[in-house]
Amino acid sequence: TVFATRPHHLAERGSDRASRSYCGGMGSSDGRKKRKLAAGVDGPGSTNACIVEDVTAKIGVQLHPSSLLDVELGVREHLNGLLLRFNEQLDGVPVAYRDVRQGSKAAVVSPYFPMCRVNVRASFTLIRPRVGAMVEGRVTEVTDTFIGMLLLNLVNVVIEVGNVSGFSYSLFDHRWKNVKDAGHGISHGDVVRCQVLGVQNHGSGYITISGGLGKGCGNVEFVKERREEREKREEKKEKKQKKQKKQK
């Protein structure tokens, strides 16, 4: 299995600071890394597992004549160039590939330019953010107009002010606070769950996810604590009801 190992920067959309992000490297030589990628920032069973998929696809590789002495190396270099960039044919961002097999021993020579086409089949691990999916990322920037996050250390997520439902920005401590519970806040460095509202393709392999905060979204740590408190209350209530039935 080959994983992306080089750092990469996502493209900027003009002067829009919300589209800036860093694309970190992924280095590993075994299948456990794929599970770590799916787990993301929240450990095993993370919400992010829903946007990581394994697919097998056919790819047409254009090789320069100089690569014909070592076709396998030429194909590998081409596939390495696909990593960490959105690929329309694969409909996702490939972060790893494996099980590369050449479709035929003969290469097709192009009549228009000095290249040879080789068809290969390979298995890819892709990041495929779908509209409606719930994802979790770490907050990298907080302003009064948007919340910027990094998903799986690879993809930029932008939650614009119009999609921050139930929260208001505090100029005093530079964070977003829940209007119903001031203890529920979103600050730089927090892990936040949001819903995918759209995916923008900026060209040249760069994408940005448009996110929104709605029901079940927000600071993951806070939501988890509130859920555990609710479960404890329900468990206590259930025990009390059982006790009352036994007494009757």
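About the cut-offs
- Residues numbered from 1 in each chain as written.
- Predicted model: local features only at pLDDT ≥ 70, side-chain atom pairs only at ≥ 80, totals over all residues.
- Heavy atoms only, no water.
- Helix = DSSP H or I, 4+ residues; strand = E, 2+ residues; numbered from the N terminus.
- Buried < 20%, exposed > 50% of the residue type's maximum accessible area, 1.4 Å probe, protein only.
- Contact = heavy atoms within 4.5 Å.
- Expected span 1.5 Å × (residues − 1).
- Arc of directions from axis to C-beta.
- Pairing = 2+ DSSP bridges.

Comments concerning the environment of L197
Alright, step 1. For L197, the location among the structural elements is in strand β14 (residues 191-203).
Alright, step 2. Note on L197: relative accessible area 41%, which makes it partly exposed.
Alright, step 3. Residues L197 and G212, spaced 15 residues apart in sequence, show a C-alpha to C-alpha distance of 6.4 Å.
Alright, step 4. The residues contacting L197, other than those within four sequence positions of it, are V131, N163, S210, G211 and G212.

Considering helix α2 (residues 71-82)
Alright, step 1. Given a rise of 1.5 Å per residue, 12 residues ought to cover 16 Å, and the 17 Å separating the end C-alpha atoms of α2 matches this to within 8%.
Alright, step 2. For α2, the set of buried residues is G74, V75, L79 and L82. The arc that holds every buried residue of α2, seen down its axis, measures 130°, which confines them to one face.
Alright, step 3. Turning to α2, the residues buried within the fold contact β4 (52-63), β5 (93-102) and β7 (116-127).
Alright, step 4. Of the residues flanking the end of α2, it is L84, one or two places downstream, whose phi is positive at about 65°.

With respect to the sheet that holds strand β11 (residues 167-170)
Alright, step 1. Here we have 3 strands laid out as an open sheet, ordered β11-β12-β13, and antiparallel in their pairing. Lying at the two open borders of the sheet, with one neighbouring strand each, are β11 and β13 (185-186).

What about unusual backbone geometry?
Alright, step 1. Positive phi, close to 55°, is recorded for D91, a residue that is not glycine.
Alright, step 2. In this fold, D91 is placed in the loop between α2 and β5.
Alright, step 3. Positive phi, close to 55°, is recorded for L152, a residue that is not glycine.
Alright, step 4. Within the element layout of this structure, L152 appears in the loop between β9 (146-151) and β10 (155-160).
Alright, step 5. Residue class for L152 comes out buried when judged on its relative accessible area of 4%.

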